[in-house]
Amino acid sequence: MLGVGLLGFALWLAGPGWVMPGVPAAQARDGLQPFERAGDSFPGSAFYYLASDDTGMIAPDAAKSAWDAQLAQIHGDDAAPITGTGPAARPMFARGNSLDQGRALQCLTAAIYYEAASEPDAGQRAVAQVVLNRVAHPAWPNTVCGVVYQGSERPSCQFSFACDGSLARKPMAVFWERARRVAADALAGAVYAPVGLATHYHTSAVHPYWADSLNFIGTIGAHRFYRWQGAAGRPTAFNAVYAGGEPVAAPHPRTWTPAAADVADPITLEKAFEAGRIEALKTAQAAPLAGARNAASFGQTPLPSYGVSNAEPRASGPKFAPAVEARGGDALYRAGQLPGGSAVNPAYENAGKWIAQPGG
């Protein structure tokens, strides 16, 4: 005790000029560590000073160039197998009207928040990238909300938070805003490269039976990420074009028509994709050359079917509710009251016509 007292007395005599060896006096006065800067510190800021500067994010233009270069090297199904993380995903941009864009942001934010709210940025970006990878793959719905809430009408869904009652908890505003920023970056075309073309993940606390049948990419945050083997996991399979059309940003009601019970099974889904891909290839090869130009890739909506030369596209009529069909359906809305029709006032039958031909 006497020694401690003497040491404290000596430091008091030394005054405020004494500092820890290796720490500048100005930093010592402000209570800063050697790697900190005055005015830039806050509780927990040491993590950001010591964290790597490599965020794994790729800007939209660079990501698109890398994706195009990757596709240019692939020739059919004889492409070399993907090893390691593999190529980064194709950038995806929010499309459609303002309602579509708002719903996409809402759904992606919810997925990030409920799946990885307490994880570092890398973990949240990885979850967001998996969602967008699924949107780009024809094995899943072609909308952000469709992917996030797929299967939510039954107990076993794609993302557990959508059907296990987690949505009953009100989000914390500060964590929701953080997740929203990550979602906004992803929907603006930024790509998180470390997960590559991953379409599945699970927490490190479990080991599902399907994990050994998929290619393991790595552990990021609290999750382990995987991609499909074979054709389903190659870049050419991620050919869906996102165009908006977002459904309601909420889980499906229990009265929703249930999806197939095995929709959440990665192995069954991969087999279904491969069977559909082969069937689509056979159909494309058997199609006549004249119609081949309108054939769509597997999982894509085909273009309108046009006849020869300049014929009009063959389009089916609009569908109406049963009550409207009973009253006449499409005939109720046809333009039968134009000039020349029996119900037009004779005074207006010449509306839109020349009073006298120019130069006549």
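Here the structure is a predicted model, which means the values were calculated and not measured. (Residues numbered from 1 in each chain as written. Predicted model: local features only at pLDDT ≥ 70, side-chain atom pairs only at ≥ 80, totals over all residues. Heavy atoms only, no water.)

> Let's hear about the sheet that holds strand β4 (residues 215-220): which residues, and what values?
Read across the open sheet, the 3 strands follow the order β3-β5-β4; overall the sheet is antiparallel. Across the chains shown, the open sheet's two edge strands, defined by having one partner strand only, are β3 (200-203) and β4. Taken pair by pair, the neighbouring strands of this sheet meet at an average axis angle of 25°, ignoring direction. Of the pairings in the sheet, the one linking β3 to strand β5 (residues 223-227) comprises 4 bridges and is antiparallel in character. In the strand pairing of β5, Y201 is matched with F225. The sheet strands contacting helix α6 (residues 121-135) are β3, β4 and β5, and the helix crosses β3 at an angle near 145°. (Pairing = 2+ DSSP bridges. Helix = DSSP H or I, 4+ residues; strand = E, 2+ residues; numbered from the N terminus. Axes fitted to C-alpha atoms, helices over the stretch in contact; angles between N-to-C directions. Contact = heavy atoms within 4.5 Å.)

> How would you summarise the nonpolar core if you had to cite specific residues and measurements?
Core analysis: the biggest nonpolar cluster contains 61 residues, and L108, V131, V144, V148, F161 and F225 have the highest contact counts within it. Here this core gets 9 residues from one element, more than from any other, and that element is helix α5 (residues 98-116). The residues touching V144, leaving out its near neighbours within four places in the chain, are A104, C107, L108, V131, L132, V135, L187, Y242 and E246. (Core = buried A, V, L, I, M, F, W, Y, C linked by side-chain atoms within 4.5 Å. Buried < 20%, exposed > 50% of the residue type's maximum accessible area, 1.4 Å probe, protein only.)

> Account for the pairing of β5, with residues named and values stated.
Extensive coverage of β5 is indicated by the burial of 4 of its 5 residues. One ladder, built from 5 bridges, connects β4 with β5; its direction is antiparallel. If you follow N215 over to β5, its bridge partner there is R227. With antiparallel pairing between neighbouring strands as the criterion, β4 and β5 make up a hairpin whose turn holds 2 residues, including G221 at a positive phi of roughly 65°.

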